[in-house]
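What follows is the residue order along each chain.
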Amino acid sequence: MAPELPADCDLLVAGSGAGALSAAVVAAHLGLRVAVVEKEPHFGGTTAWSGGWMFVPRNPLARAAGIDEPVSEPRRYLQAICGPQFRATHIDAFLAHGPDAVQFHLDRTALRFVDGNSVPDFHGKAPGARNGGRSVCAAPFDGRVLGSHLARLRPPCALWSFLGISIGGDLRHFLRAGRAWDSFAYVTRRVLRQAWDRLRHGRGTLRMAGNALAAALFKSALDAGVSLHERHAVVGLLRDGNRVVGARVRGPDGREHDVRARNGVVLACGGFPHDDARKAALYPHAPTGREHWSAAPVANTGDGLRLGESAGAVVDTSLAQAGAWAPVSLVPLPGGGVQAFPHLVERGKPGLIAVDRDGRRFVDEAGDYHGFMRALFERCASAHPGQPVQAWLLCDHRFQRRFGLGHARPHPLPVGALLRSGYLRRADTIEALAAQCGIDAAGLAGTVARYNQAARDGRDPEYGRGDIAYDRMQGDPEHHGPNPCVAPIGPGPYYAVRVVPGSLGTFAGVKTDEHSRALGADGQPVPGLYAAGNDMSSVMGGHYPSGGITLGPALVFGYILAHHAAGRPLPMPGVADGASTLSPTAAEPRPRTVPA
Ligand SMILES: Cc1cc2nc3c(=O)[nH]c(=O)nc-3n(C[C@H](O)[C@H](O)[C@H](O)COP(=O)(O)OP(=O)(O)OC[C@H]3O[C@@H](n4cnc5c(N)ncnc54)[C@H](O)[C@@H]3O)c2cc1C
């Protein structure tokens, strides 16, 4: 099914997540002959397991809904959040060309979006924050249009899907199916469709969220004539002097082929989630790298960063945080080992608290996952130096059955196996639960009593749960009470799950300029080398202003770099927004091939 690997092309792209495929698709539309090589048997990377949200302020969907803020507003917000790490050149390029990047995909590709017009920024009290209109998500994608190519796409992650069903904006139905007829009917329909799809196509065909994003970009790449090769890993870069002129690619039979790329090579291997050496070097809480658990696929082993360094590019170590932190619990796998389950949903629901080994809370649990982990790092460093970084999410029986707790799903799904494996802890009293978890029992009992007292009035004076719009979006819209994020912890039995340091992806990457050109130690571009997605050092400087700040920039800088590689000027953004920061004349001279 896959075409033969070409011996030469214009643009060679390593990896097949959002960073890779957006660059590949746009470059192909601009007339370049593009080849994509993916190390894994499937295309899509972490992108295909993600939520599919992309932070792109002033995007066309927001504007169509009348949300038309000046570019100075998101810029002000990003400046406030990123502080000393604010990168004006990159942020200005991102804000200037983001809307066009979304429009380009709408006009020319199979990618469709749903709006994020009511999705708030993470830091609702910061200057320039908005309560919606700065993000888009991939719209559901009908995988049947991929035909036999659907088998080449990474399936949804088994750990956070249900019976292999790809879940996205319809998550609430899966959470309510045990207690609401409309949701039960909805989930039943999806289960039946899944069963039928499996009989007919061997797999589910309705793809949502990040799987829809990967599917739509993959389809767009096929449509645009991109040459796509799974089971092919880039293992080295070809150089002519200091210029990168192609790559050495290892095929499924172990043989290596040189692929020459006239206009450049794009590193888009998804950062370093499973590179222990790099984690040890850049994650202060993980001295051997193994004290950190990423939710990304295991094939993301940091190849792109190493390849970049081999050609003289430098990895940016100046970020505020080197990873996109998230609390994860470790789910035992049937064949042995564990997989990291990111806690992105239930922390904001009313009736859950997170505590350290003293039984003390340390954060507004409903807040963003990155902030949760930063608070835990601080607490552990100050109160428990030298001890493993960990916390427990704790709730009562009603909560667990209503919302689930990590991988322990809500009613009517059973939790017995997770109790037996030790993943989920249960006890009749708070003190007994504390003893099971190794938490200070008196400390925990005091915390629960204090929390409950204010929670009865829907208040959280200690940490302000529910004070900002982001928290409330994560809460329970059906909660009877003044605060959708706060309810007392009621009668037992009680449940707890241990969470440890984890991440959704990595922030530190190859240093680039605002065209995504990899930079060397002298600050000059390494000719012929680009970095995209998480192989490109995060333009947010290691901060997490809003959901979608990896996939949004991945899409936008894929679009920007494709123009640069093709020697094409970027369309000028709207005059009202000021001139483009990316003058076409800034492009380095390079051989032009196959102009459109
Ligand atoms: C549960 C979850 C939810 C998330 N939700 C969101 C969200 O809603 N919004 C958001 O912005 N971010 C989200 N993220 C983070 C986001 O998914 C990642 O940051 C993003 O997908 C990274 O994209 P990428 O293109 O850099 O890499 P990836 O999508 O990881 O793709 C990299 C690809 O490169 C391949 N590769 C590696 N080495 C080589 C090599 N040597 N040669 C060839 N190929 C190679 C890998 O196999 C992989 O397929 C989420 C992450 C998780 C785990």
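Quick caveat, the model's predicted, so the values are computed rather than measured.

S.K.: Which parts of the structure should I look at to understand the overall build of the chain?
M.R.: Helix and strand content of the chain: 16 helices and 20 strands. Structurally, the chain occupies a C-alpha span of about 70 × 55 × 50 Å along its principal axes. When the 596 residues of the chain are sorted by exposure, 60% land in the buried category. Residue pairs at least 24 apart in sequence account for 73% of intrachain contacts in the chain once pairs closer than 6 positions are excluded. Element-wise, carbon and sulfur atoms account for 54% of the exposed surface of the chain, whose accessible area totals about 22000 Å². Here the chain holds 63 positive side-chain charges and 53 negative ones, and the gap between their average locations is 4 Å.

S.K.: Which parts of the structure should I look at to understand the packing of helix α1 (residues 18-29) against helix α16 (residues 551-566)?
M.R.: Any two packed helices are characterised by how steeply their axes cross, that is the angle between the axes, and by the distance between the axes. Direction vectors running N to C along α1 and α16 enclose 35 degrees, while the axes themselves pass 8 Å from each other. α16 is crossed by α1, and the crossing has right-handed handedness. Facing α1, whose interface residues are Ala18, Gly19, Ser22, Ala23, Val26 and Ala27, α16 presents Leu551, Ala554, Leu555, Gly558, Tyr559, Leu561, Ala562 and His563. By residue class, the composition of the contact of α1 with α16 is 10 nonpolar, four polar and no charged.

S.K.: I'm lost on the site of the ligand in this one. Help?
M.R.: Taken together, 37 residues sit near the ligand, with Glu38, Thr46, Thr47, Asn534 and Leu551 positioned nearest. Gly19 is positioned with one of its backbone polar atoms (N or O) 3.1 Å from an oxygen atom of the ligand. For the ligand, a nitrogen atom lies 3.0 Å from a polar atom in the backbone of Val234. Protein chains bury 97% of the 1000 Å² of accessible surface belonging to the ligand in isolation. Contributions of two or more residues to the shell around the ligand are made by α1, β2 (34-38) and β9 (233-240).

S.K.: I would appreciate a short explanation of helix α10 (residues 369-383) in the present structure.
M.R.: For an α-helix, the turn length of 3.6 residues means that residues three or four places apart are oriented alike. Over its 15 residues, α10 extends 21 Å from the first C-alpha to the last, a length consistent with the 21 Å expected when each residue adds 1.5 Å. Within α10 the residues assigned to the buried category are Tyr369, His370, Phe372, Met373, Ala375, Leu376, Phe377, Arg379 and Cys380. Where α10 is buried, its residues touch β13 (323-332), β15 (352-355), β16 (391-396), α15 (469-474) and β18 (494-506).

S.K.: Mind showing me how you'd approach the environment of Pro412 here?
M.R.: Of note, Pro412 is situated in the loop between α11 (397-403) and α12 (416-421). Excluding residues that lie within four positions of it along the chain, Pro412 makes contacts with Gly178 and Arg401.

S.K.: What should I look at first to understand the packing of helix α3 (residues 72-82) against helix α4 (residues 88-108) in this one?
M.R.: At their nearest, the axes of α3 and α4 sit 11 Å apart, and the two run at 145 degrees to each other. Handedness of the α3/α4 crossing: right-handed. Here Pro74, Arg75 and Leu78 of α3 come into contact with α4, specifically with Ala88, Ile91, Asp92 and Leu95. Classifying every residue of the contact of α3 with α4 by side-chain character gives five nonpolar, no polar and two charged.

S.K.: For this particular structure, what's the right way to read unusual backbone geometry?
M.R.: Across the chain, the bulk of peptide bonds are trans and the bulk of non-glycine residues have phi less than zero. Across the junction of His411 and Pro412, the peptide omega takes the value 10 degrees, indicating a cis bond. In this model, Gly492 is joined to Pro493 through a cis peptide bond whose omega is 0 degrees. Following the sequence through the fold, Pro493 ends up in the loop between α15 and β18. Even without being glycine, Ala209 reaches a positive phi, approximately 50 degrees. Structurally, Ala209 can be placed in helix α7 (residues 209-223).

S.K.: Hey, could you run me through the nonpolar core in this one?
M.R.: The nonpolar side chains of a soluble globular protein tend to be buried, and buried together. The biggest cluster of nonpolar side chains holds 145 residues, and the ones touching the most others in it are Leu12, Val34, Met54, Leu237, Leu424, Leu529 and Met540. Counting residues per element, this core draws most heavily on α16, at 11 residues. What Leu424 contacts, discounting residues up to four positions off in sequence, is Leu405, Ala408, Val415, Leu418, Leu419, Tyr495, Ala496 and Val497. Membership of the second largest hydrophobic core comes to 20 residues, among which are Trp392, Leu394, Ile430 and Cys485.

S.K.: Please explain the side chain of Asp356 as it appears in this structure.
M.R.: Examined against the element boundaries, Asp356 turns out to sit in the loop between β15 and α10. One polar contact links Asp356 to His384, side chain to side chain, over a distance of 3.0 Å. Discounting residues that sit within four places of it in the chain, Asp356 has contacts with Phe362, Arg379, His384, Trp392 and Ile439.

What counts and how
Residues numbered from 1 in each chain as written. Predicted model: local features only at pLDDT ≥ 70, side-chain atom pairs only at ≥ 80, totals over all residues. Heavy atoms only, no water. Helix = DSSP H or I, 4+ residues; strand = E, 2+ residues; numbered from the N terminus. Buried < 20%, exposed > 50% of the residue type's maximum accessible area, 1.4 Å probe, protein only. Contact = heavy atoms within 4.5 Å. Areas by Shrake-Rupley, 256 points an atom, 1.4 Å probe, with all protein chains shown as cover. Lys, Arg positive; Asp, Glu negative; His and termini not counted. Charge placed at Lys NZ, Arg CZ, Asp CG, Glu CD. Axes fitted to C-alpha atoms, helices over the stretch in contact; angles between N-to-C directions. Left-handed = near helix turned anticlockwise from the far one by under 90°. Nonpolar A, V, L, I, M, F, W, Y, C, P; charged D, E, K, R; others polar. Near = heavy atom within 4 Å. Polar contact = N/O pair within 3.5 Å; in protein donor to acceptor, adjacent residues only side chain to side chain. Expected span 1.5 Å × (residues − 1). Core = buried A, V, L, I, M, F, W, Y, C linked by side-chain atoms within 4.5 Å.

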